[in-house]
Amino acid sequence: MPLSPLHALTFALAGFPLSFEARTGWHVEPKRIEAHLVHFCRAGAFRANVAGKEIMVSSGAMLWIQPGMEFSFWLPPGGSASLTRFHLSLRSTPSVDLVPRE
């Protein structure tokens, strides 16, 4: 449905941002979520598979995963990473209390 001035957009961070240290053995099994997921790699590096494409996310890089895309993460052997992740959802709901613009 296209957005119009009659829609209100709501952004929610859903308990995020979250900063953490990833150590050897850290991995995220393949999954999908209905929100934007952003991982900022503050230090170190990690590997990701997003929609079938494997990439290395290095220090200073940001990885954005769009809603519904399959993804998984893991550390290379002996690796570590400092990460901050953001989980952003967007809802569009018709606003019945707004008067249409003329």
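For the structure itself, consult the block above.
All values derive from a computational prediction rather than experimental measurement. (Residues numbered from 1 in each chain as written. Predicted model: local features only at pLDDT ≥ 70, side-chain atom pairs only at ≥ 80, totals over all residues. Heavy atoms only, no water.)

**Things to note about the nonpolar core**
- Residues W26, F46, L63, F73 and L83 are the most contacted members of the largest nonpolar core, which totals 17 residues.
- Apart from the residues lying within four places of it in its own chain, the contact partners of W26 are F20, F46, F73, W74, L75 and L83. (Core = buried A, V, L, I, M, F, W, Y, C linked by side-chain atoms within 4.5 Å. Buried < 20%, exposed > 50% of the residue type's maximum accessible area, 1.4 Å probe, protein only. Contact = heavy atoms within 4.5 Å.)

**Thoughts on the pattern of salt bridges**
- This model, assessed by the stated rule, comprises 2 salt bridges.
- The partner of R42 in a salt bridge is E21, with the nearest N and O atoms 3.3 Å apart. Taken together, the residues R42 in strand β4 (residues 36-50) and E21 in strand β2 (residues 18-22) connect sequence positions 21 residues apart. (Salt bridge = Lys/Arg side-chain N within 4 Å of Asp/Glu carboxyl O. Helix = DSSP H or I, 4+ residues; strand = E, 2+ residues; numbered from the N terminus.)

**Looking at the pairing of β4**
- In terms of strand pairing, β4 meets strand β6 (residues 62-65) through 4 bridges, oriented antiparallel. Looking at the pairing, V38 lines up with W64 of β6.
- Where β4 lies against strand β5 (residues 53-58), 6 bridges are found, and the strand directions are antiparallel. Note on β5: the bridge partner recorded for R47 is M56.
- As consecutive antiparallel partners, β4 and β5 are separated by 2 residues, and within that stretch A51 has a phi angle of approximately 55°, a positive value.
- Relative to strand β7 (residues 71-74), β4 is paired through 4 bridges, and the arrangement is antiparallel. Note that in β7 the partner of V50 across the bridge is F71. (Pairing = 2+ DSSP bridges.)

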